Amino acid sequence: ASVVPQADLESFQACLNSSTRVIALLGAGLSASSGLPTFRGAGGLWRTHDATDLATPQAFSQNPGLVWQFYSYRRHMALQAKPNPAHYALAELARRKDGFMTLSQNVDGLSPRANHPEDKLKLLHGSLFNVKCSDFFCNYFESNNYTDPIVPALALPTQNGSDPTTTEALANRELDISDERVSIPELDHSHLPKCPRCQHGLLRPGVVWFGEALPKQVIGDITSWMADSEKIDLIMVIGTSAKVYPAAAYVDSARAKGARVAVVNMDRNDEPASGMRDGDWFFQGDAAQILPEILK
Ligand code: BJW
């Protein structure tokens, strides 16, 4: 059964179909029904750590082992996960619509795996599958690194097979290290991936941490795409709390160019920081259910 009120569906689709410049701003809620946790609210804790505390250069320099365990776990989970109907619906819309641009804060690789056209997908916060050197003076960068685990020390622990009644399958079952009751080793530099170029820097995930600049090329592409036209007709704000900048500011820049705003979110309270206005839409519920319905 439809979760979207008919009147909203009709007015939204009329707007979408007549729009010639459309932005989709994506956040972690898009991948929630693929089984990947969001950052804030339920699921935002990894072991005893707030996920956003681990996404900082300070955390990496203080405890690179822990931060790598967090990211290695997320690389593994993202590789196991599958794109959901929302990823596919967006990819299909991007294929059929000129003047369409997706700005994704997600690093999980699920939009690319749903065959979202690459030229219409800008990854604001990098990718779990990019890896770069953490040494300031070394510019080593690698994309599409899907090695899992990236080094042996980051392999997930498995069930202890000491109980003779344990079957082999059970003994090899990976343990969920996001659960603090599962113990994990302390890892130091010697266990972690090293830069193959400078030979001494630690590799780090190629994602954007708090206090770091977003990729220059990505921001440049978006700025010139937005400058191409005086008007933006519509911005869809999907599965994001829209609290992290500069990503959240795209809602305001689109509005300043005349855009109407359509929010798709589980939580009615997660409106864009600038609030809702007359003529905006709020589609409350699971993006994986709503997007295929409204983007038809
Ligand atoms: C569902 C659902 C379902 C659930 N269906 N919906 C201006 C004002 C104030 C502060 C700043 C500012 N400008 C910059 C800052 C500082 C900072 C910032 O924004 N802080 C705020 C927290 C206040 N910004 C930065 O530091 C940025 N850098 C920067 O500004 O650099 C300046 C600079 C310039 C030049 C040189 C040097 C520096 C960088 C921000 C990087 C953010 N990085 C992270 C980690 C990425 C790597 C990783 O994945 O680990 O990005 S943090 C984290 O938050 C991640 C996400 O992409 C991002 C946004 O989160 P998202 O996606 O919105 O997730 P949630 O969990 O918040 O929300 C999920 C939503 O889904 C909820 O609403 C749910 O209800 C909903 N939902 N299930 C539909 N099934």
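Residues numbered from 1 in each chain as written. Predicted model: local features only at pLDDT ≥ 70, side-chain atom pairs only at ≥ 80, totals over all residues. Heavy atoms only, no water.

J.: Before we move on, can you summarise the overall build of the protein chain with the specific residues and values?
T.: Regarding its fold elements, the protein chain presents 10 helices and 11 strands. For 296 residues, the compact-globule estimate of 2.2 N^0.38 gives 19 Å, and the protein chain sits close to it at 21 Å. With the principal axes as the frame, the protein chain shows a C-alpha extent of 60 × 50 × 30 Å. By residue count, 51% of the 296 residues in the protein chain fall in the buried class. When contacts within the protein chain are restricted to residue pairs at least 6 apart in sequence, long-range pairs at least 24 apart make up 68% of them. As presented, the protein chain carries roughly 14500 Å² of accessible surface, and 51% of it is formed by carbon and sulfur atoms. Charged side chains in the protein chain number 27 positive and 33 negative. The centres of these two groups are separated by 4 Å. (Helix = DSSP H or I, 4+ residues; strand = E, 2+ residues; numbered from the N terminus. Rg over C-alpha atoms; globule rule 2.2 N^0.38 Å. Buried < 20%, exposed > 50% of the residue type's maximum accessible area, 1.4 Å probe, protein only. Contact = heavy atoms within 4.5 Å. Areas by Shrake-Rupley, 256 points an atom, 1.4 Å probe, with all protein chains shown as cover. Lys, Arg positive; Asp, Glu negative; His and termini not counted. Charge placed at Lys NZ, Arg CZ, Asp CG, Glu CD.)

J.: So what's going on with the sheet that holds strand 7 (residues 141–142)? Which residues, and what values?
T.: Taken in spatial order, the three strands make up an open sheet running 7-6-8, and their pairing is antiparallel. Two strands close off the open sheet at either side, each with one partner strand: strand 7 and strand 8 (203–207). Pairing of strand 6 (residues 126–133) with strand 8, which is carried by four bridges, proceeds in the antiparallel orientation. Note on strand 8: the bridge partner recorded for G126 is V207. Taken strand by strand, helix 4 (residues 64–80) contacts strand 6 and strand 8, and its axis lies near 140° from that of strand 6. (Pairing = 2+ DSSP bridges. Axes fitted to C-alpha atoms, helices over the stretch in contact; angles between N-to-C directions.)

J.: Report on helix 1 (residues 6–18), specifying residues and quantitative values.
T.: A rise of 1.5 Å per residue sets the reference length of helix 1, with its 13 residues, at 18 Å; its end C-alpha atoms lie 18 Å apart and thus fit the reference within 8%. What helix 1 keeps buried is the set L9, F12, Q13, C15 and L16. Axial view of helix 1: buried residues confined to an arc of 160°, hence all on one face. In this structure, helix 1 carries A7, N17 and S18 as exposed residues pointing more than 90 degrees from its buried face. Residues of helix 1 that are buried sit in contact with strand 1 (22–26), helix 5 (85–96), strand 9 (234–238), strand 10 (260–265), strand 11 (281–284) and helix 10 (287–294). (Expected span 1.5 Å × (residues − 1). Arc of directions from axis to C-beta.)

J.: Which residues make up the side chain of T56, and what are the values?
T.: With respect to the secondary-structure elements, T56 resides in the loop between helix 2 (51–54) and helix 3 (57–62). For T56, a relative accessible area of 13% corresponds to the buried category. Separated by 3.3 Å, the side chain of T56 and the backbone oxygen of D53 make a polar contact. The residues contacting T56, other than those within four sequence positions of it, are W209 and F210. (Polar contact = N/O pair within 3.5 Å; in protein donor to acceptor, adjacent residues only side chain to side chain.)

J.: Pulling in residues and values, what's your account of the sheet that holds strand 1?
T.: The six strands are arranged 5-4-1-9-10-11 in an open sheet whose pairing can be described as parallel. Each having just a single partner strand, strand 5 (121–123) and strand 11 make up the two edges of the open sheet. Pairs of neighbouring strands in the sheet enclose a mean axial angle of 15°, with direction left out of account. In terms of strand pairing, strand 1 meets strand 9 through five bridges, oriented parallel. For L26, the partnering residue across the bridge sits in strand 9 and is I238. Sheet contacts for helix 9 (residues 249–256): strand 1, strand 4 (100–104), strand 9 and strand 10; angle to strand 9, the most-contacted strand, approximately 160°. Along the sheet, helix 10 contacts strand 9, strand 10 and strand 11; its crossing angle with strand 10, the most-contacted strand, is approximately 140°.

J.: Got a sec to walk through empty space enclosed by the protein? Specific residues and values, please.
T.: Throughout the structure, instances matching the rule amount to one cavity of 30 Å³ or more. One number sums up the size of the largest cavity: a volume of about 50 Å³. Along its surface, the largest cavity is lined by S104, N106, V107, D108, G109, L110, S111, P112, L123, G126 and S127. Ranked by residues supplied to the lining of the largest cavity, first place goes to helix 6 (residues 110–113) with three residues. Grouping the amino acids of the lining of the largest cavity by side-chain chemistry returns four nonpolar, six polar and one charged. (1 Å grid on protein atoms, 1.4 Å probe; cavity = no way out; pocket = protein on both sides within 12 Å on 5 of 7 lines; lining within 4 Å. Points joined across faces, edges and corners; volume = space filled by probe spheres on them. Nonpolar A, V, L, I, M, F, W, Y, C, P; charged D, E, K, R; others polar.)

Geometric descriptors of this kind do not, in isolation, establish any biological role.
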